[in-house]
Amino acid sequence: MPNIKPVSGATQAIATTALRAQQARMRIIAENIANANSVSRQAGGDPYRRQVPVFAPLKMDAGQGVSMVRVAPDPKDFRSTYDPSHPSADDKGYVKLPNVDTLIETLDMKEAQRAYEANLNVIETSRAMQMRTLDMLKK
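Given the structure is predicted, the values throughout are model-derived calculations rather than measurements. Residue positions are given per chain, counted from 1 along the sequence in the order it is written. Owing to the predicted nature of the model, reporting of local features is limited to residues with pLDDT of at least 70; listing and counting of side-chain atom pairs is limited to 80 or more, with chain, interface and lining totals taken over all residues. Hydrogen atoms and water are omitted, and side-chain values are computed over all heavy atoms in the structure.

Considerations on the overall build of the protein chain
In terms of regular secondary structure, the protein chain is built from two helices and four strands. Runs of E in the DSSP output that reach at least two residues are strands. Runs of H or I that reach at least four are helices, and both are numbered from the N terminus. If you list the helices and strands of the protein chain from N to C, you get α-β-β-β-β-α. Atoms counted for the radius of gyration: C-alpha only. Globule rule: 2.2 Å times the number of residues to the power 0.38. Over its C-alpha trace the protein chain gives a radius of gyration of 22 Å, far above what one expects of a compact globule, namely 14 Å for 139 residues. Seen along its three principal axes, the alpha-carbon backbone of the protein chain occupies a region of about 80 × 25 × 25 Å. To sort residues, take the accessible area from a 1.4 Å probe on protein chains only and compare it with the maximum for the residue type: under 20% means buried, over 50% means exposed, and anything in between is partly exposed. For the protein chain, buried positions account for 28% of its 139 residues. Surface exposure here means Shrake-Rupley accessible area, sampled with a 1.4 Å probe, where a residue is shielded only by the protein chains that are shown. Accessible area of the protein chain: about 9,700 Å², with a carbon and sulfur share of 54%. If you average the places of the 19 positive and of the 15 negative side-chain charges in the protein chain, the two averages end up 10 Å apart. Counting rule applied: Lys, Arg positive; Asp, Glu negative; His and chain ends not counted. Charged side chains are reduced to one point each, which is NZ for Lys, CZ for Arg, CG for Asp and CD for Glu.

Quick look at the structure:
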C-alpha cells in the first residue's frame, strides 16, 4: 500500500507561498516591461537595468514552501545604438539601452501566470477534498 499523505491546510499554506512568490515575480516582470525603453537622463549614463527575482526555500511545518528573498539586477550588458543626436548619447554617439528583452519578459509573465494558476488549483482542489471528506463523515 503506498504512503499517501493527507491533503490538509498545510498543502494550502505551501501553495499560498508559491502564489505570493509568483505574484511578486509578475510585479517585477511588469516593471521590467514598463522600463524596456527607459534610457539615462544624463549623457553616457546607464539606462534601466533589468531586475530578476531571487527565490529561496521556505521551511514550513509540513513541508517546504518558497519565498522571494530579494530582487537582483541582471548582470547582462546593455544594448547600444548609434544616435549622436540623442541627449543620452555618450561622447562617441552611442546610447545605452536597457538590457530588457520584451519577448523574454512576456514569456516569463506567461510562465508566472500559469504557475500562479496551478497553485490556485492546488488550493481549490485541497478545499474540495476537505469538504468531500467532511460530507462523507457526516453520513
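Describing the environment of threonine 11
Topologically, threonine 11 is positioned in helix 1 (residues 9-34). A C-alpha to C-alpha distance of 41 Å links threonine 11 and asparagine 37, two positions 26 residues apart in sequence. Note on contacts: a residue pair is in contact if any heavy atoms of the two residues lie within 4.5 Å. Sequence-distant contacts of threonine 11, defined by excluding residues within four places in its chain, comprise Val122 and Ser126.

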